[in-house]
Amino acid sequence: MLPEFLSFTEKTAKEAGQLTLKYFLTDDAKPEFKGDDTPVTIADREAEQLIRKRIAETYPDHEIVGEEFGESENKSNYRWIIDPIDGTKSFVHGVPLYAVLIALEIDGKVEVGCAYFPALDEIISAASGNGTFWNGKRCKTSDVDQLDRAVCAHIDTAYFGKNGKGEAWQRLQEAVYYNAGWCDAYGYLLVATGRAEVMLDPVMAVWDCGPFPPIFREAGGYFGDWSGNEGRIDGGEALATNRALKDTVVSILSGE
């Protein structure tokens, strides 16, 4: 069943991504601001509605949770996790690094994940046991094993201090070779494809990271919380890195 779910996920992410492109770099992409001061656009809402419709048509008994429309009433061992536009700030500013994220959690474990970058036409996806594929070719994390030769991608640096993690961030950014502000899903794409070694988020919702556990597991890397709990998407934070650097990065973040 996993290959079937993966095919559906890829097809649906691409369809939703094409919808967002109708609004990208247009005046219709002007945002409204939610209670937490994060932006939302007509493209976010319409893309999530489309994904929900496709899931309901194909898997009507499955549960759904998405950023814009919350949780469905269905209760199931199968839960779809949706972020229709991860990187809405990039989207509204005309930066092409945003992504459509779709994941399927089965019995509490994410088994299928896909991130599609419509403006770049890049896609990365994975299903447990089947490998991670980037634009149709198998990919893996890098084999860099020295932190002082590692590239670290990250979110807006102000978020670290605001979330009480400024000291940990300071330690890590001083230890790596290069810090680059490639944030949101694009930073995770870079790590999963071996073009960066670390991606760090001090605050994270389940829909922001749903696809990444299988993507990194199958690419030979690590995705989880800052304490080394692999596969966790509900910890309110996220870390991705290659396997060679995982223990070192976790140790630095913890202050050991």
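Okay, the sheet that holds strand β15 (residues 238–242) next. Strands sit in the order β12-β11-β13-β15-β14 across an open sheet of 5 strands; the sheet is mixed. Whereas interior strands pair on both sides, the edge strands pair on one side only; in this sheet they are β12 (178–180) and β14 (221–224). Sheet twist, expressed as the average angle between the axes of neighbouring strands with direction ignored, equals 15°. Sheet topology note: the strand β11 (residues 151–154)/strand β13 (residues 198–201) ladder contains 3 bridges and is parallel. Its bridge partner being in β13, Cys152 is matched across the sheet by Val198.

Let us now look at the sheet that holds strand β4 (residues 70–71). If you trace the 8 strands from one edge of the open sheet to the other, you get β4-β3-β5-β6-β7-β8-β9-β10, paired in mixed fashion. A strand with exactly one partner marks an edge of an open sheet, and here the two such strands are β4 and β10 (137–138). Pairing between strand β3 (residues 63–66) and β4: 2 bridges, direction antiparallel. From the neighbouring strand, Gly66 faces β4, where its bridge partner is Gly70.

We now examine a nonpolar patch on the surface. Taken together, Tyr177, Tyr178 and Trp182 make up a surface patch of nonpolar side chains, about 360 Å² in accessible area. One can find Tyr178 in strand β12.

Moving on to the packing of aromatic side chains. The geometry of two aromatic rings is summed up by the distance between their centres and the angle between their planes. What the rule picks out here adds up to 18 aromatic pairs. Plain terms: the ring middles of Phe5 and Trp80 are 6.2 Å apart, the flat faces sit at 80° to each other, and that makes the pair edge-to-face. Taken together, the residues Phe5 in helix α1 (residues 2–21) and Trp80 in strand β5 (residues 78–86) connect sequence positions 75 residues apart. Note on accessibility: Phe5 and Trp80 belong to one class, buried.

One non-glycine residue, Asp107, lies in positive phi territory at about 50°. Within the element layout of this structure, Asp107 appears in the loop between β6 (99–106) and β7 (109–117). Judged by relative accessible area, which is 58%, Asp107 ranks as exposed. A positive phi angle, near 55°, is found at Asp121, a position not held by glycine.

Attention shifts here to the state of the cysteines. By the definition in use, this model includes 0 disulfides. Considering cysteine sulfurs only, Cys183 is the nearest to Cys152, which forms no disulfide, with 12 Å between them.

Before going further, it helps to spend a moment on the nonpolar core. In terms of nonpolar packing, the biggest core is built from 32 residues, with Tyr188, Phe212, Phe216 and Phe223 touching the most fellow members. When residues in this core are grouped by element, the largest group, 7 residues, is from helix α6 (residues 184–192). With residues near it in sequence (within four places) discarded, Phe223 still touches Tyr188, Cys209, Phe212, Pro213, Phe216, Glu230, Gly231, Arg232, Ile233, Ala238, Leu239 and Ala240. Counting 30 residues, the second largest nonpolar core, distinct from the first, contains Leu6, Ile55, Tyr98 and Ala127.

Reading guide: rules and limits
- Residues numbered from 1 in each chain as written.
- Predicted model: local features only at pLDDT ≥ 70, side-chain atom pairs only at ≥ 80, totals over all residues.
- Heavy atoms only, no water.
- Pairing = 2+ DSSP bridges.
- Helix = DSSP H or I, 4+ residues; strand = E, 2+ residues; numbered from the N terminus.
- Axes fitted to C-alpha atoms, helices over the stretch in contact; angles between N-to-C directions.
- Patch = residues over 30% accessible without salt bridge, like charges linked within 9 Å, V, L, I, M, F, W, Y side chains within 5 Å.
- Areas by Shrake-Rupley, 256 points an atom, 1.4 Å probe, with all protein chains shown as cover.
- Salt bridge = Lys/Arg side-chain N within 4 Å of Asp/Glu carboxyl O.
- Phe/Tyr/Trp six-rings, centres within 6.5 Å; stacked < 30°, edge-to-face > 60°.
- Buried < 20%, exposed > 50% of the residue type's maximum accessible area, 1.4 Å probe, protein only.
- Disulfide = S-S within 2.5 Å.
- Core = buried A, V, L, I, M, F, W, Y, C linked by side-chain atoms within 4.5 Å.
- Contact = heavy atoms within 4.5 Å.

Treat this as a map of the structure, not an account of what it does.
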